[in-house]
Amino acid sequence: MKRLLKISLDLALLSFIPVISWFLLGLIVDKDLINVFGLTYPIQFLWYILKSIFSTGANISKVKDKNNNAVMSGIVIGTIVGLIVFGFLALNVDNYIRFMNMDVNIYRTFTIYSILQLYIELILQFILTKLYYENNNNLANKYSIRFNSINFFVLIATSLITKNQVLIVTITLISIFTYAIIIFIKSFDKFKLQVKLLNWIKYDSVELFNNIMFFFIFLFGLSNALSYGEEYAMALNFIALITDTQWDVYDSILTTAQIDISRKTFNYKKHLKNAYKLLSILLISILILFIGLYNFYNLSLSITLIYLSFELINFMLYPIYKIKMC
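Report follows, based on the coordinates. (Residues numbered from 1 in each chain as written. Predicted model: local features only at pLDDT ≥ 70, side-chain atom pairs only at ≥ 80, totals over all residues. Heavy atoms only, no water.)

Turning next to the overall build of the chain. Across its full length, the chain carries 13 helices and zero strands. Element order for the chain, N to C, with α for helix and β for strand: α-α-α-α-α-α-α-α-α-α-α-α-α. Taken over C-alpha atoms, the radius of gyration comes to 19 Å for the chain, in line with the 20 Å a tight globule of 326 residues would show. Summarising its shape, the C-alpha atoms of the chain cover approximately 55 × 40 × 30 Å along the three principal directions. (Helix = DSSP H or I, 4+ residues; strand = E, 2+ residues; numbered from the N terminus. Rg over C-alpha atoms; globule rule 2.2 N^0.38 Å.)

The next point concerns the nonpolar core. Counting residues in each nonpolar core, the largest one holds 97 residues, and the members touching the most others are Ile-43, Phe-86, Met-100, Phe-110, Phe-238, Ile-242 and Tyr-250. Per-element accounting of this core gives the leading share, 17 residues, to helix H6 (residues 104–133). Once residues within four sequence positions are removed from consideration, Phe-238 is found in contact with Leu-289, Phe-290, Leu-293, Tyr-294, Tyr-297, Leu-299 and Thr-304. (Core = buried A, V, L, I, M, F, W, Y, C linked by side-chain atoms within 4.5 Å. Buried < 20%, exposed > 50% of the residue type's maximum accessible area, 1.4 Å probe, protein only. Contact = heavy atoms within 4.5 Å.)

With the rule as written, the count across this model stands at 20 aromatic pairs. Judged by centre distance (5.9 Å) and plane angle (70°), the ring pair of Tyr-41 and Phe-45 falls under edge-to-face. With relative accessibility at 9%, the residue Phe-45 sits in the buried group. The interplanar angle of 75° and the centroid separation of 6.2 Å between the aromatic rings of Phe-54 and Trp-200 together place this pair among those described as edge-to-face. Separated by 146 residues along the polypeptide, Phe-54 in helix H3 (residues 43–64) and Trp-200 in helix H9 (residues 197–203) bring together distant segments of the chain. In this pair, the class of Phe-54 matches that of Trp-200, namely buried. Here a set of aromatic residues connected by ring pairs shows up, and it is made of Phe-37, Tyr-41, Phe-45, Trp-47, Tyr-48, Phe-214 and Phe-218. (Phe/Tyr/Trp six-rings, centres within 6.5 Å; stacked < 30°, edge-to-face > 60°.)

A cluster of nonpolar side chains, Phe-99, Phe-209, Met-213, Phe-214, Phe-216, Ile-217 and Phe-220, forms an exposed patch at the surface whose accessible area comes to about 680 Å². Within the fold, Met-213 resides in helix H10 (residues 205–226). Judged by relative accessible area, Met-213 falls into the partly exposed class, the value being 35%. (Patch = residues over 30% accessible without salt bridge, like charges linked within 9 Å, V, L, I, M, F, W, Y side chains within 5 Å. Areas by Shrake-Rupley, 256 points an atom, 1.4 Å probe, with all protein chains shown as cover. Salt bridge = Lys/Arg side-chain N within 4 Å of Asp/Glu carboxyl O.)

Phi is positive for Asn-101, which is not a glycine, with a value near 60°. Mapping Asn-101 onto the fold places it in the loop between helix H5 (93–99) and H6. Since its relative accessible area comes to 40%, Asn-101 is described here as partly exposed.

Okay, the packing of H6 against helix H7 (residues 137–161) next. Two elements in contact, H6 and H7, have axes whose closest approach is 9 Å; the angle formed by their N-to-C orientations is 165°. In this view, H6 runs roughly antiparallel relative to H7, as classed from their interaxial angle. With respect to the hand of their crossing, H6 and H7 are arranged in right-handed fashion. Mapping the contact onto sequence places Phe-110, Tyr-113, Gln-117, Ile-120, Glu-121, Leu-124, Leu-128, Leu-131 and Tyr-132 in H6 and Asn-137, Leu-139, Ala-140, Tyr-143, Ser-144, Phe-147, Asn-151 and Leu-155 in H7. Looking at the contact of H6 with H7 residue by residue, the class counts come to 12 nonpolar, four polar and one charged. (Axes fitted to C-alpha atoms, helices over the stretch in contact; angles between N-to-C directions. Parallel < 35°, antiparallel > 145°, perpendicular 65-115°, else oblique. Left-handed = near helix turned anticlockwise from the far one by under 90°. Nonpolar A, V, L, I, M, F, W, Y, C, P; charged D, E, K, R; others polar.)

By themselves these figures say nothing about function.
Right, here's the structure in full:
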C-alpha cells in the first residue's frame, strides 16, 4: 500500500496541478480558457499510448527479456517519436480546434501550450517510470513535486504579471522544458540502442489497445458533444476537470501490479484490497470538488449528474477489470 500511495502521489501531482492551473487561468486571463482542458482531452490518450510502448513496455522488457538497454532505448526513441507526434499537432492546431467545433481565435495559443506541455510531461514520465521499476520512488516523488511546482508557479505568476498569452505560454514552456532536460541528463545511463518494439508493444498490449480506443472515442465523441452547444460543453469539461486527476491516480494500480507481476511477487487479493482503499479516497475528493466548484459555473444539474454517474460506475468497476486484465 505504501508504494501504491507513493506512485499515486506522483500521478496526482502530474495531473492535479495542471487541472488547478486551468481553473486559475480562467479566473485570471480569460474565463473561456478553462475549456482548453476538455478541448485537448483526447490528446492525453496519445500521451498514454507512447508511454505504454516506450516506457512501460520497455521497462517490463528489461526484466523479462533481461535486456539492460531496453529502458534507455525506449526513452530516447519515445522522446523522438513524441516530438514528431506532438509537434505535428502543434503545427496543425487550427485544424484540430475546428474539428473539435471550438473557436480558433480564442483557444489557439493555450491549445498549443497544452499540447507541448503534454510532450514535456511525457519526457518526465519516461524518467519517473524508470525510477519506479528501480524502486527509487522517493527520487521520483522529488522530481515530480519540483517539476509541477515550477509549472504551476511560473504559469500563474506570469499570468498575474502580463495578459499577453504568447508570453505566458513561452516563459512557462521554457521553464518546464529546461527542468525536464536536467532530469533527463541526471537519469541518463550509458546504453547501446536495442529496440525490440514488438516485445514492448506485447508486454502492455491490453493497455495500449484501451488507450487507442479511448483516443478515438474521446476525439469523435467530444467533437460531437461540443457541437450541441455550451451547456453540454461546460458539463463535460466540469466532470473531466473534477475526475481526471483521480483517473490518473488510479493508474498507480496498474503500475504497481505490472511491477509485481514482472518480478513474480504479485498477490491479487492484496492488490484489489489496496485498490479499493485508494478508491475511497478518490471518491471523497470528487465529492469535495463537485460541491466546492459547482457554483462557479452555469451548469445543467441533470446533464452534469448523468455524466458523473457514468464516471462513478466506471470507478467502481475499474480495479477488478484493470488488475484481472493486467
